[in-house]
Protein chains: 4
Amino acid sequence: MSEGLEYQQKNMPFRRLGSSGLRVPVLSLGGWLTFGGTVTSDPAKEIIKTALENGINMFDEAEEYNKGKSEAELRFFPESSGRILRELNVRRGDLIITTKIFWGTRPGPNNGGLSRKHIIEGLRESLVRLQTDYVDVVFAHRADVHVPMLEVVRAFSWVIDQGLAYYWGTSEWAAQQIEEAIQIATQYGLHAPVAEQCQYSLLHRERPEAEYASLYKKYGYGTTIFSALYFGFLTGKYNDGIPAGTRFDNHKDNFRTIIEKLETEEGQRQIAQVKELTSLAQKELDCTVAQLALAWVLRNPNTSTIILGATRPEQLLSNLKAIEVYPKLTSGIMDRIEKILGNKPPEPATYGRPQLDPLGR
Amino acid sequence: MSEGLEYQQKNMPFRRLGSSGLRVPVLSLGGWLTFGGTVTSDPAKEIIKTALENGINMFDEAEEYNKGKSEAELRFFPESSGRILRELNVRRGDLIITTKIFWGTRPGPNNGGLSRKHIIEGLRESLVRLQTDYVDVVFAHRADVHVPMLEVVRAFSWVIDQGLAYYWGTSEWAAQQIEEAIQIATQYGLHAPVAEQCQYSLLHRERPEAEYASLYKKYGYGTTIFSALYFGFLTGKYNDGIPAGTRFDNHKDNFRTIIEKLETEEGQRQIAQVKELTSLAQKELDCTVAQLALAWVLRNPNTSTIILGATRPEQLLSNLKAIEVYPKLTSGIMDRIEKILGNKPPEPATYGRPQLDPLGR
Amino acid sequence: MSEGLEYQQKNMPFRRLGSSGLRVPVLSLGGWLTFGGTVTSDPAKEIIKTALENGINMFDEAEEYNKGKSEAELRFFPESSGRILRELNVRRGDLIITTKIFWGTRPGPNNGGLSRKHIIEGLRESLVRLQTDYVDVVFAHRADVHVPMLEVVRAFSWVIDQGLAYYWGTSEWAAQQIEEAIQIATQYGLHAPVAEQCQYSLLHRERPEAEYASLYKKYGYGTTIFSALYFGFLTGKYNDGIPAGTRFDNHKDNFRTIIEKLETEEGQRQIAQVKELTSLAQKELDCTVAQLALAWVLRNPNTSTIILGATRPEQLLSNLKAIEVYPKLTSGIMDRIEKILGNKPPEPATYGRPQLDPLGR
Amino acid sequence: MSEGLEYQQKNMPFRRLGSSGLRVPVLSLGGWLTFGGTVTSDPAKEIIKTALENGINMFDEAEEYNKGKSEAELRFFPESSGRILRELNVRRGDLIITTKIFWGTRPGPNNGGLSRKHIIEGLRESLVRLQTDYVDVVFAHRADVHVPMLEVVRAFSWVIDQGLAYYWGTSEWAAQQIEEAIQIATQYGLHAPVAEQCQYSLLHRERPEAEYASLYKKYGYGTTIFSALYFGFLTGKYNDGIPAGTRFDNHKDNFRTIIEKLETEEGQRQIAQVKELTSLAQKELDCTVAQLALAWVLRNPNTSTIILGATRPEQLLSNLKAIEVYPKLTSGIMDRIEKILGNKPPEPATYGRPQLDPLGR
């Protein structure tokens, strides 16, 4: 491995992916909306190279991203991004590659969902596109209410036992569904999921903070966070409407709900909050509001990694600065942010029973 | 319950006993060396009354303490200390009564140890002496290397299933033995032990802090601490030798090892440390070194309760002040104590492997 | 197999590797510090040939030894040491090849430790270097406190089920960790580890004799011993300081702790003991102190094999004589050694309970 | 407890009953053929008193012995032998009381055997006769080929879980049957049997030494030995035919096989052996051949206890001397006995495979 890469990696903090022994960088790179779509070929490789040089060795994909083209764009072995790996002396084992199964790439009643058939066939097709023998983690991209949980857990355990993946996780599952999966895995001696890929940001907290709270505590469940910038909203770029060429402008259909919300009273209140946070970021932390937003998510010990999107290397480099910011988030600053937002989910109810000593555990 | 008692109990912090749902007061009262021996009859009842009035509703006994007389002294129902309970309007359910089985009260090869025979017979005899149908927690007073762990776990599970106890725990077991007990309980669907009764103090840290570390983390194992004042050493009363009438003077045989240590270089260094701690306690926390020593043990979230001994009500009242002290132990003060002691056990070895982000979990 | 080799092997005693059915020679050859480092090419092959001719058919490696070069040096198939095997008519099945996974050969947060990822990837890379489809035993070179034990046990079970190894073991694990691994394996129907690779010698006894005692008894756990000569100390060559060209001289950093100990009171007492043992070895057993030290370790029935290091064939031949010595270690001589050392770890505590008949079991 | 009893007990060696934690005296007292039959009332109590005074606190019964009268004769609580217990200050917990279920006390197809019905009903009737709430160990007096093993194991587990017994064992079962019971118990999380009550003596060795060998090794199975004097034959009293008033004379039907054997060539050879052993006992060990015969059985570490019969206190006292003899049975004397007998069962076959190092394990 070149010294440059090694050096950079020393600056990248690593955390365990939930209850697993896998160490993931606190920032990782996702192919959503970009790879195989607006970003392909040489620009894609530039972003990947920038990521690797800065210690981001984890790449998140899904069979569904640009209908498989995103996975194919990433393809490290033996071609596509392979040249970069050789230049940087990176091997397969140095990388963490994850993908997600659910929507498939083609129509047809069994080309999607979490049947045993699609979990196995979908992952095999992903591996062909990614040109690797295995992914490090395969996620169930959503829960499938029409498949018994035992079948889902067994199928993910099977692909792990076949060596097609090392771990599996969930994405946007309800806490109850994760509970069922873990209990069934324990009961049947199967592999339990280790992490949830979920949305989490200053403006989206209920599920990741409150609904999942007991999963962190009981099972050490991990999280790979997406939309930590709330679809770009937390960069401040929508403070004055939707500029041309932005994600909301390019993908109006995908983001209709959020775009419509901008106009509502709640949307306007949130814009005001973003402005306050921008001021706090600049004055107290000498950083952008986007860097603050990422740092705030990293400050939560239940965050395993934030999956960054990027259309240009500079974007990635800018977001990387969040690593320097989050250790500076003192409890004083955290309290001020809380005061600006006023959206902290309540603690679990104890119904008037005497509280336990807060200095115990 | 009288309002007075109720009021006092509001000042007593409660913690869960390890992985159990039982809430224990952070300070409890033990019968070791006192009840049934030097302290009997009315003086004993005065101490019990003082304890109850101050929110200490947990009483720790053992079949072996004064060969059963300590349990008999405590006896709340229907006689002995019963009058106090009536006066204070305390019922059995308001109390947490624990005992410990191992040494028995009579000679004979099966009148002790952790065979199924003695666990069942020993506990039954304790219940007769205590005049109660059940204890809240029964501890294995030591490990018994001559009994297979499955037999031990099964026997304690059996007494719980019979209603003779609600929980069981261990006392001065090696971490390996606790690990085996918990794993076997899990495997066989039996009751796992929930807490360890161990020695822990400023001057005795290796086992409770380092050896048990993974048990706290993996199983939420609890601790009921004894000798938090290191056999009185941390009160400063042995700073200038052994005064007449103290425990070391009265029970020379029991404490020979510690008494002899007083003379050694290490003993002299510890006396110097006690003096430094005394000064810190007075100047910074306006308390005695004994109160600091108790507060320091309470500051560890892995402490469930400290078992206090007392020969006079005033002693108990003095120790109760530790409850006001431990919330004042800031990280700054904890660092200064660490510097005085220099006996912090090392973290578990990671053998040069990259460290995890300390702000993760 | 040539008759010569067959004949020699008849003189080599074999023992079961712990609870496994694998028969290991009581002496084996390790690549630590030598192969791929100071000893390469023809000299390495000469040592290997000498080992094989004398019945040592077990070779211990680790991914970490000389960063993979030690494994590559050993490489029997189809090249490197292959000629020797052909000459001696030795096939893969005639050999026992072991390796150890933990430190990896490259930096990077997942290129080491005991995550599922590194256990699988690390062993695969070792097999490539060793040019064999499987090792007989793969050891976890250390415990990894950041990986749940279930993940570790499952990953080692998986490589066994894939045919990449026949058995797995531990190295320098705490008894509690081995206990947890065995219990979890039992509970989940996975492969339990069969042996521990640990340090054991006349001067290092606490862990292998006392801490592991119950593992031998309950599980028949085996041991593959390293540093049976206490880093050369027990050859007597450091009796008068550190001669040039010795291991302590060549690898000052690795052995700093021991080198510094030489100067201490304890170090000086141990040198005096080595001198007494030297005299006993010469007068009573007509052997060197090194041969006595090895024989003493072999006299312990819980020793499965001693891993010898060697930089010259003569060294190996000299050490082989320990096989003739250990059957001569009568209880009388063992008592005299015990008296010289005075370092026998205490028996497990029974806390004053009546002892069992020593003539029973 | 009176000092006398306590003192005597210090001279009685105790062993674990097989894999259990129960400590049994190496000599115990059985009610077979005597209690409730030829020995009743005051003479019975004299024998019991002598036993207790000499550290024999274990009493072996069976529902079938004299059709229940033997159990009723023993009856310690609250009547019958109760006076002795009070005199000696012995409580129920100080005693080990065992019984055996199989033949029942009345005719009828379900008044015997090992159906769930008879195990439960038979034991309950025994407890009534014995006037105790539980026995320490309940044995299956024979195997019942008409009851599935799962039913047998479940029924014995059930009586243990009900508190009617602490442990269960087998009597004169084939090794295969014990194997099946232990495996089923492990598989279903039930109580496994801990010991076998079997015949074992200088003249009856095949089953206890060879057939059960792997049960001792794998499961630590225990043995409670009967007929250690080969039905009195090893006292020498039948050397010159059957004297009037002896057991063979009184119970001709029970012992027909053995009586007839006396006349055969083998019988005559055994008488010659008894004479040789008598000479060895007198000259080398200053004891009787009966004491030697008992000592020889105790010398086997797989013996947990020998159940003695007695019709007079003097007989018991004479047999007790075996405790002083067995530690004197050196390997030299054991070899001479082996040479006299020539009946050592062969080691398990290894079919020409290389042997393991005898100094390993």
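Model, not experiment: these values are computed from the prediction.

Visitor: Got a minute to help me understand the overall build of chain A in this structure?
Guide: Scanning chain A for helices and strands turns up 16 helices and ten strands. Over its C-alpha atoms chain A spans a radius of gyration of 20 Å, differing by no more than 12% from the 21 Å that the globule rule assigns to 361 residues. The C-alpha extent of chain A, read off along each of the three principal axes, is 55 × 50 × 40 Å. Across the 361 residues that make up chain A, the buried fraction comes to 47%. Within chain A, contacts between residues separated by at least 24 positions form 78% of all contacts whose residues are at least 6 apart in sequence.

Visitor: In this structure, what is going on with the relation of the copies chain A and chain B? I would like to understand it.
Guide: With an RMSD of 0.1 Å, chain A superimposes on chain B once it is rotated by 180° and translated 0.0 Å along the axis. As the rotation angle and translation indicate, the two copies are arranged about a two-fold axis. The position closest to the rotation axis in chain A is occupied by the C-alpha of K218 of chain A, lying 4.9 Å away. The share of interface residues of chain A whose copies in chain B are also at the interface is 100%, consistent with both copies meeting through the same surface.

Visitor: What am I meant to see in the interface of chain A and chain C here?
Guide: Each side of the interface is counted separately: chain A has 17 residues, and chain C has 19 residues. Listing elements by their share of the side of chain A that touches chain C, those giving two or more residues are α1 (3-11), β1 (14-16) and β7 (165-171) of chain A. Considered class by class, the residues forming the side of chain A that touches chain C number six nonpolar, six polar and five charged.

Visitor: Is there a simple way to explain the nonpolar core in this structure?
Guide: Formed by 104 residues in total, the largest nonpolar core has its most connected members in V138, V159, A293 and I306 of chain C. Tallying contributions element by element places helix α13 (residues 289-299) of chain C first for this core, with nine residues. Ignoring sequence-local partners within four residues, the contact set of A293 of chain C consists of S201, L202, A228, L229 and L234 of chain C. Counting residues in hydrophobic clusters, the runner-up holds 103 residues, among them I101, L164, Y216 and F233 of chain B.

Visitor: Just checking my understanding: could you explain the relation of the copies chain A and chain C for this structure?
Guide: One copy of the chain maps onto the other through a rotation about an axis followed by a shift along the same axis. The operation relating chain A to chain C is a screw motion whose rotation component is 90°, with 0.9 Å of axial translation and a residual RMSD of 0.1 Å. Such a combination of rotation and displacement between the chain copies is what one expects of a four-fold axis. Taking C-alpha positions as reference, the residue of chain A nearest the rotation axis is G189 of chain A, located at 6.0 Å. When the interface residues of chain A are mapped onto chain C, a mere 6% of them again fall at the interface, so the copies present different faces.

Visitor: Any chance you could explain the sheet that holds strand β5 (residues 96-101) of chain D here in plain terms?
Guide: Sheet strands pair via backbone hydrogen bonds, and the direction of the pair is either parallel or antiparallel. Residues and elements named next belong to chain D. If you trace the eight strands once around the closed barrel, you get β3-β4-β5-β6-β7-β8-β9-β10, paired in parallel fashion. Each strand axis lies, on average, 30° off the axis of its neighbour in the sheet, ignoring direction. As judged from the five bridges shared by strand β8 (residues 195-199) and strand β9 (residues 222-226), these two strands associate in the parallel manner. Paired with Q197 across the two strands is T224, which belongs to β9.

Visitor: How should I be thinking about the packing of helix α7 (residues 175-188) of chain B against helix α7 (residues 175-188) of chain C in this particular structure?
Guide: Geometry of a packed helix pair, given as the angle between the helix axes and the separation of the axes. Contact pair α7 of chain B / α7 of chain C: the axes reach a minimum separation of 8 Å and the direction vectors enclose 10°. Judged by the inter-axis angle, α7 of chain B sits roughly parallel to α7 of chain C. The segment α7 of chain B lies against α7 of chain C, with A175, Q176, E179, E180, Q183, I184, T186 and Q187 of chain B engaging A175, Q176, E179, E180, Q183, I184, T186 and Q187 of chain C. Tallied by class, the residues present in the contact of α7 of chain B with α7 of chain C amount to four nonpolar, eight polar and four charged.

Visitor: Where do I start with the interface of chain A and chain B in this structure?
Guide: The extent of an interface is frequently quoted as the accessible surface area lost upon association of the parts. Contact residues are listed per partner, giving 16 residues for chain A and 17 residues for chain B. Element by element, the count of residues in the side of chain A that touches chain B is highest for β1 of chain A, at three residues. Of the residues contributing to the side of chain A that touches chain B, the split by class is nine nonpolar, one polar and six charged.

Visitor: Would you explain the pairing of strand β5 (residues 96-101) of chain C in this entry?
Guide: The side chains of a regular strand alternate, residue by residue, between the two faces of the sheet. All names here are of chain C. Counting buried positions along β5 yields six of six residues, so the element is predominantly enclosed. Going residue by residue along β5, you find I96, T98 and K100 tucked away on one face and I97, T99 and I101 tucked away on the opposite face as well. For strand β4 (residues 58-60) and β5, the ladder comprises three bridges, and the chain directions are parallel. Directly across from M58, in β5, lies its bridge partner I96. Sheet topology places β5 next to strand β6 (residues 135-140); four bridges connect them, and they run parallel.

Visitor: When you look at α7 of chain B in this model, what are you seeing that I'm missing?
Guide: Owing to its 3.6 residues per turn, the α-helix brings residues three or four apart onto one side. The terminal C-alpha atoms of α7 of chain B, which comprises 14 residues, lie 20 Å apart, in line with the 20 Å expected from a rise of 1.5 Å per residue. Across the 14 residues of α7 of chain B, eleven count as buried, placing the element largely inside the fold. Among all positions in α7 of chain B, only A175, Q176, Q177, I178, E179, E180, A181, I182, Q183, I184 and A185 of chain B are buried. Looking at the packing, one finds that the buried side of α7 of chain B touches α6 (149-161), β7 (165-171), β8 (195-199), α8 (206-211) and α9 (213-219) of chain B together with α7 of chain C. One or two residues past the end of α7 of chain B sits G189 of chain B, with phi positive at roughly 65°.

Visitor: How should I be thinking about unusual backbone geometry in this particular structure?
Guide: What you tend to see is this: most non-glycine residues have negative phi, and most peptide bonds are trans. All names here are of chain C. Backbone geometry at S227 places phi at a positive 55°, although glycine is not the residue there. Here S227 shows up in the loop between β9 (222-226) and α10 (247-250). Positive phi, normally seen in glycine, also occurs at Y230, with a value near 50°. Relative to the helices and strands, Y230 resides in the loop between β9 and α10. Owing to 19 C-beta atoms within 10 Å, Y230 belongs among the partly exposed residues under this scheme.

Thresholds, definitions, all that
- Residues numbered from 1 in each chain as written.
- Chains lettered and ligands numbered in written order.
- Predicted model: local features only at pLDDT ≥ 70, side-chain atom pairs only at ≥ 80, totals over all residues.
- Helix = DSSP H or I, 4+ residues; strand = E, 2+ residues; numbered from the N terminus.
- Rg over C-alpha atoms; globule rule 2.2 N^0.38 Å.
- Buried ≥ 20, exposed ≤ 12 C-beta atoms within 10 Å, placed from the backbone.
- Contact = placed C-beta atoms within 7 Å.
- Least-squares fit on C-alpha atoms with pLDDT ≥ 70 in both.
- Nonpolar A, V, L, I, M, F, W, Y, C, P; charged D, E, K, R; others polar.
- Core = buried A, V, L, I, M, F, W, Y, C linked by C-beta atoms within 7 Å.
- Pairing = 2+ DSSP bridges.
- Axes fitted to C-alpha atoms, helices over the stretch in contact; angles between N-to-C directions.
- Parallel < 35°, antiparallel > 145°, perpendicular 65-115°, else oblique.
- Expected span 1.5 Å × (residues − 1).

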